[in-house]
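# A closer look at the structure
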Amino acid sequence: MPEIYQKKWEIGPDQKIGTAGSCFAQHIARHLTQNGYRVLDVEPAPRGLSEVQHAAFGYGMYSARYGNLYSARQLRQLVEAAFSDDPRPFLIWEREGRFFDAFRPTIEPNGFLSRDEVIEARRYHLRCVRRLFLEVDVFVFTLGLTEAWVHKESGQVVPLAPGIVAGEDRAQDYEFVNFSYGEVEADFRAVMQMLDDLRGRKRPLRYLLTVSPVPLTATASGQHVLAASTYSKSVLRAVAGWLCETCDNVDYFPSYEIITNPAARGTFFESNLRSVMTEGVEVVMNAFFAAHPPRLRREETGQRPTEVPANEDVQCDEQMLEAFGR
């Protein structure tokens, strides 16, 4: 269905692309790389870590090792931390004598050896994020959720509730929040303004927004998960559409609509009705590349053929939410 998307602007062959967002964004990042686009990876895996372990340790999923950024608030918080002398503390969780960065708790499956190691890794990560946003020309961001957990004292959000990976003893320090349309829009506009101020008018940044078609697997809102998922996706789609309508440097690509449209009859989902099948991802990306043609033939990129593996190759923290959903 190539006619579903009419691009607002070209992505040039020399333009550097950054990627981030919820787990569906991992498909987009992989396809862009394999089709000859200049996708940045400013925080690559260290030598000695086998390729099969890269994603498990948060490498190669996106343009930096920030893990899944489900909400606009997470993105805003990351940019603020990277470019300001933010006095707010690093949030560190503990489990069985190991330590976890609460902002990206799954990037070290077994945790860090010490709090100092968490802090040093976090500082290095923020330096990489600064480089990313100063170099990138087009930033692809997939909005995934409106629900989040907030540290009461600092106001900072984390991608998972404490206790899912670690930090069960700190659960009382956090509270659930479900962001409204106004909050999501304000957060994304704040990101745009911060980066405009930092980069200057001569280097405007373009944004390509998508909304993840992956529904919520659980919710802490008290609603039925279907109602909660519909609310979340509706808010995110409305924000993305309005930003595209009102900002010349924002485009919207309808991956959400392609996967969830009634004509598809749910055939793009796996049997669990939430994971997107490889065939569905291919349809999405074919629509994208109909508007933004591949820059090189696959054999010229040096990449293996685009077989986006089944969904076990996509790191999706949302599956852990079943542990606290109701």
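Below is a summary of the structure that appears in this document. Along each chain, residues carry numbers from 1 onward, in the same order as the chain's sequence is written. Selection of residues for local features in this predicted model requires a pLDDT of at least 70, selection of side-chain atom pairs for listing and counting requires 80 or more, and totals for whole chains, interfaces and linings are taken over all residues. Side-chain figures throughout are based on the complete set of non-hydrogen atoms in the structure, without hydrogens or water.

### Some details on the overall build of the protein
From N to C terminus, the protein includes eight helices and 10 strands. Each residue is placed in one exposure class: buried if its accessible area under a 1.4 Å probe, protein chains only, is under 20% of its type's maximum, exposed if it is over 50%, and partly exposed if it falls in between. A total of 326 residues make up the protein; the buried ones form 52% of that total. Within the protein, counting contacts between residues at least 6 apart in sequence, those at least 24 apart form 75% of the total. A total of about 14,800 Å² of accessible surface is found on the protein, and carbon and sulfur atoms cover 50% of it. Put simply, DSSP H or I for four residues or longer makes a helix, DSSP E for two residues or longer makes a strand, and each gets a number counted from the N terminus. For this analysis, residues touch if any pair of their heavy atoms sits within 4.5 Å. Only the protein chains shown count as cover for residues, and all accessible areas are computed by the Shrake-Rupley method using a 1.4 Å probe.

### Describing helix α4 (residues 181-199)
Compared with the 27 Å implied by 1.5 Å per residue over 19 residues, the 27 Å span of α4 between its first and last C-alpha is a close match. Among all positions in α4, only Val184, Glu185, Asp187, Phe188, Ala190, Val191, Met192, Leu195 and Arg199 are buried. Its buried side turned inward, α4 meets α2 (72-83), α3 (115-135), β5 (138-143), β9 (206-211), α5 (225-246) and β10 (250-252). A positive phi of about 85° marks Gly200, the residue just after α4. Expected span, for any helix, means 1.5 Å times one less than how many residues it has.

### A few points about the nonpolar core
Ranked by internal contacts, the top residues of the largest apolar core, which has 47 residues, are Tyr66, Leu75, Phe133, Phe139 and Phe141. Elements with a contribution of two residues or more to this core: α2, α3, β5, β6 (147-151), α4, β9, α5 and β10. Residues in contact with Phe141, not counting those within four places in the same chain, are Ala20, Gly21, Leu69, Ser71, Leu75, Phe188, Leu208, Leu209 and Thr210. Counting residues in hydrophobic clusters, the runner-up holds 26 residues, among them Leu32, Tyr37, Leu208 and Val214. As used here, the term nonpolar core means buried Ala, Val, Leu, Ile, Met, Phe, Trp, Tyr and Cys residues forming a set that is joined through side-chain atoms within 4.5 Å.

### What to know about the sheet that holds strand β8 (residues 174-178)
Pairing between strands is defined by DSSP: at least two bridges between the two strands are required. Read from one edge to the other, the open sheet built from three strands follows the order β7-β6-β8, with strand pairing classed as antiparallel. The sheet is open, and its two edges are formed by β7 (157-158) and β8, each paired on a single side. In this sheet, β7 lies alongside β6 in antiparallel orientation, the contact comprising two bridges. Within β7, the position partnered with Val150 by the bridge is Val157.

### A look at the environment of Arg127
Assignment of secondary structure puts Arg127 in helix α3. Its relative accessible area of 40% is what places Arg127 among the partly exposed residues. Remark: the alpha-carbon pair of Arg127 and Ala82, spanning 45 residues in sequence, is separated by 6.7 Å.

### Quick look at the layout of surface pockets
Using a 1 Å grid laid over the protein atoms alone, points where a 1.4 Å probe fits but cannot get out form a cavity; open sets with protein on both sides within 12 Å along at least 5 of 7 lines form a pocket; any residue with an atom within 4 Å of a point counts as lining. Grid points are joined across faces, edges and corners, and a volume is the space filled by probe spheres set on the points. Within this model, the second largest pocket holds a volume of roughly 460 Å³. Around the second largest pocket sit 20 residues that line it, and Pro213, Pro215, Leu226, Ser229 and Leu273 are the ones nearest its centre. Among the secondary structure elements, those contributing two or more residues to the lining of the second largest pocket are α5 and α6 (255-260). Ranked by residue count, the leading element in the lining of the second largest pocket is α5, at seven residues. Looking at the lining of the second largest pocket residue by residue, the classes come out as nine nonpolar, eight polar and three charged. Side-chain classes are defined by residue name, with Ala, Val, Leu, Ile, Met, Phe, Trp, Tyr, Cys and Pro counting as nonpolar, Asp, Glu, Lys and Arg as charged, and the others, Gly among them, as polar.

### Comments concerning the sheet that holds β9
An order of β2-β1-β5-β9-β10 is seen for the five strands of this open sheet, with the pairing classed as parallel. Two strands lie at the open edges of the sheet, namely β2 (38-39) and β10, each paired on one side alone. Where β9 and β10 come together, three bridges link them in parallel fashion. When the sheet's bridge partners are listed, Leu208 is paired in β10 with Asp251. Sitting on the sheet, α4 touches β5, β9 and β10, and the angle it makes with β9 is about 160°. Here, axes are lines fitted to C-alpha atoms. For helices the fit covers the stretch in contact, and angles between N-to-C directions go from 0 to 180 degrees.

### Comments concerning the pairing of β5
Two faces make up the sheet, and in a regular strand the side chains alternate between them. For β5, the buried fraction is high: six of the six residues fall into the buried class. A two-sided burial pattern is seen for β5, the buried positions comprising Val138, Val140 and Thr142 on one face and Phe139, Phe141 and Leu143 on the other. Relative to β5, strand β1 (residues 16-21) runs parallel, the two sharing five bridges. Following the sheet pairing, Ala20 is matched in β5 by Phe141. Where β5 and β9 come together, six bridges link them in parallel fashion. Paired with Thr142 across the bridge in β9 is Thr210.

### Focus on the packing of aromatic side chains
Stacked, tilted and edge-to-face pairs are distinguished by plane angle, under 30 degrees for stacked and over 60 for edge-to-face with tilted covering the rest, among Phe, Tyr and Trp rings (Trp via its six-membered ring) whose centres lie within 6.5 Å. Summed over the entire model, instances satisfying the criterion amount to 12 aromatic pairs. Taking 4.9 Å as the distance between ring centres and 90° as the angle between the ring planes, the aromatic pair formed by Tyr5 and Phe253 counts as edge-to-face. Separated by 248 residues along the polypeptide, Tyr5 in the segment before β1 and Phe253 in the loop between β10 and α6 bring together distant segments of the chain. On the accessibility criterion, Tyr5 (3% relative accessible area) is buried.

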